[in-house]
Amino acid sequence: MRMARKAIIGSVTALLLIGLSACGGSGSGSSALDPNADLSKQKLTVSIWAAYYPEDIAAKFEEKFGTKVTITNHATNEEVMAKLTAGGDSGIDVAFVSGQFAQALAAQGLLENLDKSLIPNSSNLIKEAEQLSYDPGAKYSLPYAWGTTGICYRSDLMKGDEPTSWNDLLTPKPKYKGKVTMLATERWLMLPAQKALGYSANTQDEAEMGKVKDLLIKAKSNLLAYDDTTFYERLVSGEAVMVEAWDGWCNYGIAKNKNIKFIVPSEGSDLWADTMVVLKTSKNKEAAHAFLNYIYEPDIHSWVVDNILYKVPNSAAMAKSLPALVGDFPNMGISPAELLKQEGLVDLGKASSLYTRIATEVTAK
C-alpha cells in the first residue's frame, strides 16, 4: 500500500509581498468557456504534491481526452505559491493547494471561477463540503481531500491514561515527558494551545496569541521533538507514546501497529482541506475543467482513500471504498457532519507574520 505524506502547510507570507493591484485586483471573474472545445488541441500542466495522485493519471487522461498532461510536483504550498504569485503566466493550469491558500489566490484575482456545467461529476461533492470556510459555495475551488488534526497515541503504552484533551499533550503526566511530539508547521503548532485556551484557530488577536505562545513555551520542555514527518514512526517504535497528528498520517502508524489510536480532543480541532483550482492565466481552461471532472470520477478519486488513507469529500468515491477500511482505520469513518463541527482554516492575511514570528520564537533552540 502506498502512503503519501501530508503536504506541509504554513502561512501565506509570499502573498504579502504582492499588492492586490499588481495582480489585477480582487475577485475571480470567469471567462466564457466552450463546452464543445476540442480537448485534444489543449495541453495541461498540473502542479501537485508528490505521491498524492495515481502515477498513471496523466497517461489515462490523455488516452481518454487526447490532452497532453504534464505533472509537476511541489513540496509545500509556499513553493507553488511563489510560482503562482510571481506575476505573469506561471505556465500552470491546475494547482493543488490547501484551502486557505486558494482563498489567498482568489483574493488576488488569480483564479478562474469554476463552471460547474463542465464539471458534472461535482454532483458527487458532499453537500457539507460546499460550505467550507475558505470558499463558501465552492466557487473557485473543488476540494480533493479533507480531514482534521488530533492526538495519535499508543493505547498499549498509555493504559488508563488515554488522552482526551489537548492539555494531555501540552502538559503530559511526568512518566510521558520526553515521549511526546508536536507539529512544527505554524498553523498546527498553534492549534493545540489555541483550542486548549478556548481560542479560534484563526485568531488574529495579539493578546490571545501571546497566551498561546506562553503555553507553547511551557509545553516545549515536555517534548521529544517537533516532528512533521516521522511522528508516526516514533509511535511505531515506541520512542513516542503520544503525538499531534493529521488523521491520515496517524493511519500510517495504525497500518503498522494496531495499538495506535486517533482521537479528536474534547476542545475541538481544525478542518483542513486540500483543493484543486484553475488559474485565470490558463489558456486551456476547458481541459482544466475536464481534469477536475475526471478526478471526481469515483474510480479515480477513491484512489486517495484506498492508497493514502485520507477522506475525500466525494460521496460516490467514499461509498466505493467504505466501510471496508473503517474496521482497520476508524478515523476513516469520521462523518462529514462531524468534520464540519471542527473549525475551518482560513487565510490569515497580514496576521500570518504574527504566527511566523511566534513559531520562530517557540521552536528556536
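Residues numbered from 1 in each chain as written. Predicted model: local features only at pLDDT ≥ 70, side-chain atom pairs only at ≥ 80, totals over all residues. Heavy atoms only, no water.

*Asks:* Break down the packing of aromatic side chains for me, citing the residues and quoting the values.
*Replies:* Scanning the model with the defined rule gives 17 aromatic pairs in all. Taken together, Trp-49, Tyr-52, Phe-96, Tyr-144, Trp-272 and Tyr-310 form an aromatic cluster joined through their ring pairs. It is Lys-258 that lies over the ring of Phe-329; its NZ or CZ is 4.8 Å from the centre. (Phe/Tyr/Trp six-rings, centres within 6.5 Å; stacked < 30°, edge-to-face > 60°. Lys NZ or Arg CZ within 6 Å of the ring centre and 35° of its normal.)

*Asks:* Outline the pattern of salt bridges, supporting the account with residue identities and numerical values.
*Replies:* Using the criterion set out here, one finds 14 salt bridges in the structure. Put simply, Glu-239 and Arg-234 hold a salt bridge, and the shortest N to O gap is 3.2 Å. Note on Glu-239: relative accessible area 39%, which makes it partly exposed. Of the residues examined, Arg-234 reaches a relative accessible area of 19% and is grouped as buried. Across the pair Asp-247 and Lys-311 runs a salt bridge, and its minimum N-O distance is 2.9 Å. Placement of the pair is Asp-247 in helix H8 (residues 247-254) and Lys-311 in the loop between helix H10 (298-308) and helix H11 (315-321), with a sequence separation of 64 residues. Within the structure, one salt-bridge network assembled from shared partners comprises Asp-161, Lys-173 and Lys-175. (Salt bridge = Lys/Arg side-chain N within 4 Å of Asp/Glu carboxyl O. Buried < 20%, exposed > 50% of the residue type's maximum accessible area, 1.4 Å probe, protein only. Helix = DSSP H or I, 4+ residues; strand = E, 2+ residues; numbered from the N terminus.)

*Asks:* Residue-level account of helix H1 (residues 57-65), with values.
*Replies:* Within the span of H1, buried status applies to Ile-57, Ala-58 and Phe-61. In a view along the axis of H1, the buried residues occupy a sector of 100°, so they form one face of it. At its buried positions, H1 is contacted by strand S1 (43-48), strand S2 (68-73), helix H9 (285-295) and H10. Immediately beyond the C-terminal end of H1, within one or two residues, lies Gly-66, with a positive phi of roughly 80°. (Arc of directions from axis to C-beta. Contact = heavy atoms within 4.5 Å.)

*Asks:* Please give an account of unusual backbone geometry that cites residues and values.
*Replies:* Put simply, Leu-322 and Pro-323 share a cis peptide bond, and its omega is 10°. Within the secondary structure, Pro-323 is located in the loop between H11 and helix H12 (336-340). The backbone phi angle of Ala-138 is positive, close to 50°, even though this residue is not glycine. Exposure remark for Ala-138: the relative accessible area of 3% places this residue in the buried category. Backbone geometry places Leu-309, a non-glycine residue, at a positive phi of 55°.

*Asks:* Can you break down the nonpolar core residue by residue, with the values?
*Replies:* Among the nonpolar cores identified, the biggest contains 102 residues, and Tyr-52 and Phe-291 are the most heavily contacted of them. Counting residues per element, this core draws most heavily on H9, which supplies 7 residues. Here Phe-291 is in contact with Leu-44, Val-46, Ile-57, Phe-61, Val-94 and Phe-96, once residues within four sequence places are set aside. Counting 16 residues, the second largest nonpolar core, distinct from the first, contains Val-80, Ile-92, Leu-111 and Tyr-140. (Core = buried A, V, L, I, M, F, W, Y, C linked by side-chain atoms within 4.5 Å.)

*Asks:* Report on the packing of helix H2 (residues 77-84) against helix H3 (residues 99-107), specifying residues and quantitative values.
*Replies:* Axis separation between H2 and H3 bottoms out at 11 Å; the angle between their running directions is 15°. Regarding the angle of H2 to H3, the classification is roughly parallel. Crossing angle aside, the handedness with which H2 passes H3 is right-handed. Residues Asn-77, Glu-78, Met-81 and Leu-84 of H2 pack against Phe-101, Ala-104 and Leu-105 of H3. Split into classes, the residues belonging to the contact of H2 with H3 amount to 5 nonpolar, 1 polar and 1 charged. (Axes fitted to C-alpha atoms, helices over the stretch in contact; angles between N-to-C directions. Parallel < 35°, antiparallel > 145°, perpendicular 65-115°, else oblique. Left-handed = near helix turned anticlockwise from the far one by under 90°. Nonpolar A, V, L, I, M, F, W, Y, C, P; charged D, E, K, R; others polar.)

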